[in-house]
Amino acid sequence: MRLGLAFLFLSVGLTAPVLAQTPPPPSTAPAGEQGRVVVDIVGGISSPMPIAIPNMPTPANTATAAGDTTALGARVSEVITNDLRNSGLFSPLGANALRPVAYNQVTAPEFPYWVSTGAQALVQGFVQANGDGTLTVGCYLYDVFAQTELTRQGFVVQPAFWRRAAHKCADTIYTRLTGEGPYFDSRVAYVSETGPKNNRTKRLAVMDQDGANHRFLTNGQTIVLTPRFAPNQQTITYMSYTNNRPRIYVYDIGSGKQRLVVDQPNMTFAPRFSPDGRYIVFSMAVGGNTDVYRVSASGGSPQRLTTAPGIDTGASYSPDGSKIVFESDRSGTQQLYVMNADGSGQNRISFGGGRYATPVWSPRGDLIAFTKMGGGFAVGTIAPDGSGEKILTNGWQDEGPSWSPNGRVIMFFRTGQGSGKADLWSVDLTGVNERRIPTPLDGSDPAWSPLLP
Amino acid sequence: MAHISTKLIVAAALVVTAGCAKKKPEVLPPAPAASTEAPPPAPSTGPVGNTVVPGSRADFLQKVGSDRVLFGTDSYELDGEATAILDRQAQWLAQYANVTVTIEGHCDERGTREYNLALGDRRANASKNYLVGKGISASRLSTISYGKERPEAMGSDEAAWAQNRRAVTVVPN
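Residues numbered from 1 in each chain as written. Chains lettered and ligands numbered in written order. Predicted model: local features only at pLDDT ≥ 70, side-chain atom pairs only at ≥ 80, totals over all residues.

## So, the sheet that holds strand S18 (residues 323–328) of chain A
Residue and element names in this part refer to chain A.
No. 1: The four strands lie next to each other as S17-S18-S19-S20, forming an open sheet whose pairing is antiparallel. Edge strands, defined here as strands with exactly one partner in the open sheet, are strand S17 (312–317) and strand S20 (347–348).
No. 2: As paired strands, S17 and S18 are joined by four bridges and run antiparallel to one another. The partner of Asp-312 across the bridge, within S18, is Ser-328. (Pairing = 2+ DSSP bridges. Helix = DSSP H or I, 4+ residues; strand = E, 2+ residues; numbered from the N terminus.)

## Digging into the interface of chain A and chain B
Interface size is often expressed as the accessible area that is lost when the parts come together.
No. 1: Opposite the 33 residues of chain A that make contact, chain B presents 24 residues.
No. 2: At the level of elements, strand S9 (224–229), strand S13 (267–273), strand S14 (279–286), S17, strand S21 (355–361) and strand S25 (398–403) of chain A are the ones that each hand at least two residues to the side of chain A that touches chain B.
No. 3: For the side of chain A that touches chain B, the leading source of residues is S13(A), giving three residues.
No. 4: Here the residues of the side of chain A that touches chain B sort into ten nonpolar, 19 polar and four charged. (Contact = placed C-beta atoms within 7 Å. Nonpolar A, V, L, I, M, F, W, Y, C, P; charged D, E, K, R; others polar.)

## With respect to the packing of helix H3 (residues 80–95) of chain B against helix H4 (residues 113–133) of chain B
Residues and elements named next belong to chain B.
No. 1: Axis separation between H3 and H4 bottoms out at 9 Å; the angle between their running directions is 55°. Taken together, the axes of H3 and H4 lie oblique to each other. In the crossing of H3 with H4, the sense of the turn from one axis to the other is right-handed. Contact residues: H3 offers Thr-83, Leu-86, Gln-89, Ala-90 and Leu-93, while H4 offers Ser-127, Tyr-130 and Leu-131.
No. 2: Looking at the contact of H3 with H4 residue by residue, the class counts come to five nonpolar, three polar and no charged. (Axes fitted to C-alpha atoms, helices over the stretch in contact; angles between N-to-C directions. Parallel < 35°, antiparallel > 145°, perpendicular 65-115°, else oblique. Left-handed = near helix turned anticlockwise from the far one by under 90°.)

## Examining the confidence of the model for chain A
Residues and elements named next belong to chain A.
No. 1: Looking at chain A as a whole, its pLDDT mean stands at 91, while 90% of the residues score no less than 70.
No. 2: Taken together, the stretch residues 1–16 has pLDDT below 50 and engages in 33 contacts with residues farther than four places along the chain or on a different chain.
No. 3: For the stretch residues 21–36, pLDDT sits under 50, and the model shows 19 contacts to residues farther than four places along the chain or on other chains. (pLDDT = per-residue confidence, 0-100.)

## Observations concerning the sheet that holds S14(A)
No. 1: Reading across the sheet, the four strands line up as S13-S14-S15-S16 (chain A) and stay open at both edges, with antiparallel pairing between neighbours. Among the strands making up the open sheet, the edge pair consists of S13 and strand S16 (303–304) of chain A.
No. 2: Here strand S15 (residues 289–296) of chain A pairs with S16(A) via two bridges, running antiparallel. Paired with Arg294(A) across the two strands is Gln303(A), which belongs to S16(A).
No. 3: Contacts between H4(B) and the sheet are confined to S13, S14 and S15 of chain A, with S13(A) contributing the most and set at about 160° to the helix.

## A closer look at the domain arrangement of chain A
All names here are of chain A.
No. 1: The assigned domain composition of chain A is domain 1 (33–178) and domain 2 (187–448).
No. 2: A straight line from the C-alpha centre of domain 1 to that of domain 2 covers 35 Å.
No. 3: Between domain 1 and domain 2, the residue contacts involve seven residues of the former and eight residues of the latter.
No. 4: Among the elements that take part in the side of domain 1 that touches domain 2, helix H1 (residues 69–86) stands out by supplying three residues, more than any other.
No. 5: For the side of domain 1 that touches domain 2, the residue count by class is one nonpolar, four polar and two charged. (Domains from an automatic or database assignment.)

Here's what the structure looks like:
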């Protein structure tokens, strides 16, 4: 049964694009009505928008490699519900509290019912098995008061990647209602931790940003630290104590093989890719002095970017690749500095009381997140010119921030006093919605990937 | 990695039994040539028991008294106590000229990950440079930083942190 939903193309793998097409917007939307269903985030603290997300029906229940399409419809709805709730900006009415939706109602919602639920917005959709083995997930967003359709998208995926279609649908809803960029269809690399405080076992791990599809990449035999995705997400750069020589490597996620980046005897650490993937910026300690260097991502001779006698480390590129923020104690205490990507023009930007470390430039370019050390350790943000410093958290030891792809959410790790146990947490850039990210073991050093294509 | 960790724990246990690093050193036993002990058995035969092989880690800990020096917060400066320990380490290393060592630099947990790796490197090199200044060849002294990854003391208080801010001279077993 055709619903008039136009879409194109197939994705065949994890990093292949989930292609979708947005058909022309509905022509009957009254002027001004579009402004009624809007999540107000400008003010900083918003009241979450009630949004109804019923299960997604299927035109014909069909067995697939990922389960039958009726079951998938419920699971897709659940993934979308969790994504929107965890953003802190929505208060979803989940499928259990709602009347089931028939397939023919997906494009013709019974608005009086939806109004009665208290929802301001409504997400409907369907899951369909195509004859060629792929799935189609249809995704529709409605303004319940105005009784209009706000947007629609269709996604075609291999059954194994049904979660990506659900995240893409959630991103469609989220971006349409908030005006922010998408971030749900993304992954997190981090260091999974377990064991006693004086002998932690650390393993590299990756998972979807909602914790699903968790996978260990290393076996814990050597300490691994500070992983970072390449922009194309095919590799991860990180530091490892392989052979008791702490140095940076590039790990190929597909093959599971790691490659030494710079073959020389000094300790190299704190690696990060440039936004175009051509360079890795990193730190190298030579005889007690640590500086920032960059090297071609395919290997070669490092180019030294800083020469100060202090500890210069924690380098992070601006999203346009023209600048690098880093930390240095050349003034006597750890502070933030910004320089051009070639090392010229180094200027200090932090001047508040306390010490600043682990800077990361937002993918939006507007802010730099950092760890601030005073009495405790807290995560904060500052504009690249050093203005507008804002502290977002207040744990005993919160550190190591990483930005979501849309520059809206910051993931970090929080260490317990005494126990030394670390967990991943996230917080909205306005400081609200601080929440723990569930992981199978403990976790530290989170690195959020770019949006999957 | 587990191999190194085991060695650290063994070294720590020996330090504890040999006396706290902060005590005054005991009178050193006489040099082997003047020793009234029976000559030690060849390393490959006889019980390990009470006999300490000259030039071994156990010998180092027994004669030097401490394999480590401690640092102040955020610092890599060697105070008087540290240089006294390193002086004795230098004497021992001069005596056993074939021994190469690894100097590990460590930090307490009250620092960020990358900075502590660099600070550990500073501390390891502070020890190394002092020993080189005492005439030990740099080629015998390799360094490694563990940042805050391998604390000695498990607490989250000043006493624990003070023990964790350290540079440890590791002699092969």
